[in-house]
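Examining the three-dimensional arrangement
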Amino acid sequence: MNSKLIAPSVLAADFANLQRDIEMVNESDADWFHIDIMDGVFVPNISFGMPVLEAISKHAKKTIDVHLMIVDPDRYIKTFANLGSNILTVHYEACTHLHRTLQAIKAEGMKAGVALNPHTNINVLEDTINDIDLVCIMSVNPGFGGQSFIENTYSKVKQLKELITRKNASTRIEIDGGVTNKNAKALVDAGADVLVAGSYVFKSTNQLETIKDLKLIANS
Ligand code: DX5
Ligand code: ZN
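In this report, the structure presented in the accompanying data block is examined. (Residues numbered from 1 in each chain as written. Chains lettered and ligands numbered in written order. Predicted model: local features only at pLDDT ≥ 70, side-chain atom pairs only at ≥ 80, totals over all residues.)

Structural notes on the overall build of the chain
Put simply, the test is: Every helix listed is a DSSP run of H or I at least four residues long, and every strand listed is a run of E at least two residues long, numbered separately from the N terminus. Only the C-alpha atoms count toward the radius of gyration. The rule for a globule is 2.2 Å times the residue count to the power 0.38. Burial is judged by counting the other C-beta atoms within 10 Å of a residue's own C-beta: 20 or more makes it buried, 12 or fewer makes it exposed, and any count in between marks it as partly exposed, with every C-beta position built from the backbone. Any pair of residues counts as being in contact when their C-beta atoms, constructed from backbone geometry, are within 7 Å of one another.
Of regular secondary structure, the chain possesses 8 helices and 8 strands. For 220 residues, the compact-globule estimate of 2.2 N^0.38 gives 17 Å, and the C-alpha radius of gyration of the chain, at 16 Å, lies within 12% of that figure. By its C-alpha atoms, the chain is 45 × 35 × 30 Å across when sized along the principal axes. For the chain, the residues scored as buried account for 46% of the 220 residues in total. Taking as baseline every contact in the chain between residues at least 6 positions apart, the subset at least 24 positions apart corresponds to 66%.

Describing the sheet that holds strand E7 (residues 172-176)
Just so we agree on the cut-off: A pair of strands is labelled paired if DSSP reports no fewer than 2 bridges between them. Angular values range over 0 to 180 degrees, each being the angle between N-to-C directions of two axes fitted as lines to C-alpha atoms, with helices fitted over their stretch in contact.
A sheet is described by the order of its strands in space; here 8 strands give the open sequence E1-E8-E7-E6-E5-E4-E3-E2, paired in parallel fashion. The open sheet has two free edges, formed respectively by strand E1 (5-8) and strand E2 (32-38), since each of these has just one partner strand. Each strand of the sheet is rotated relative to its neighbour by a mean of 25 degrees, with strand direction disregarded. For strand E3 (residues 63-69) and strand E4 (residues 87-91), the ladder comprises 3 bridges, and the chain directions are parallel. In the strand pairing of E4, Val66 is matched with Leu88. Sitting on the sheet, helix H4 (residues 98-107) touches E4 and strand E5 (111-116), and the angle it makes with E5 is about 145 degrees.

As for the pairing of strand E6 (residues 134-138)
In plain terms, the rule: If you view a crossover with the strands going away from you and the path from the first strand over the helix to the second runs clockwise, you call it right-handed.
Among the 5 residues in E6, 5 count as buried, and that is most of the element. Side-chain alternation along E6 places Leu134, Cys136 and Met138 on one buried face and Val135 and Ile137 on a second face that is also buried. Inspection of the sheet shows E5 paired to E6 by 4 bridges, in the parallel sense. For Ala115, the partnering residue across the bridge sits in E6 and is Cys136. Alignment of E6 against E7, held across 5 bridges, turns out to be parallel. Within E7, the residue paired with Cys136 across the bridge is Glu174. Handedness of the β-α-β unit built from E6, helix H5 (residues 153-166) and E7 comes out right-handed.

Remember, this is a structural readout, not a statement about activity or role.
Shown next as structure tokens:
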């Protein structure tokens with residue numbers, strides 16, 4: 001059974017050929033579309049916004065996993081639900097009332113995710129883990145694709161896995177940033193369930209093969 005999932009990050013796609021790249025993911029062994037929304041405030045970069053997500057949603061035939069790297073994400077929960085997001089992930093560091101935000105996301109019919117920056121300790125989720133469907137551990141500092149993987153991630157994954165088990169939660173663990181065929185197996189062995197891969201997939205010469213290999217490695 002292929003229980004470990006692959007989520008290509010559309011940030012690394014060719015925006016001049018977006019439909020082509022979306023169709024490639026549709027036809028591939030990938031499981032989710034990972035969509036990075038950046039506001040230029042929470043992170044030092046601006047990616048794309050609602051009209052682009054709307055266009056992606058029109059063609060995407062797989063789960064849409066939206067990663068919000070924005071301040072005060074509560075303002076846009078309804079909007080992202082209406083744009084077709086299936087999973088909405090907010091940053092722990094951007095939420096003053098995380099518990100309320102998680103409930104608001106679920107009230108809109110989406111799965112609720114929380115992303116942690118590399119400097120944020122897993123133990124901040126001790127009191128909310130049972131309310132979280134997905135924890136996205138950032139294995140790079142958010143804001144850009146193509147950065148190198150931070151090695152400390154493995155111990156964070158293990159710590160999160162231990163928390164999930166101890167609290168009897170059903171939370172999935174997602175890894176975002178610098179994922180390749182080199183670290184995929186070790187991440188899964190540490191407890192990861194979902195691997196986001198941007199440049200590794202879209203900058204490769206045979207994207208379908210790259211996704212297929214990553215999926216095989218993750219489930220080996
Ligand atoms: C970084 C984004 C990632 C990024 C991953 O802020 O959240 O999803 O697209 O890209 P790669 O796989 O190239 O590190
Ligand atoms: Zn992301």
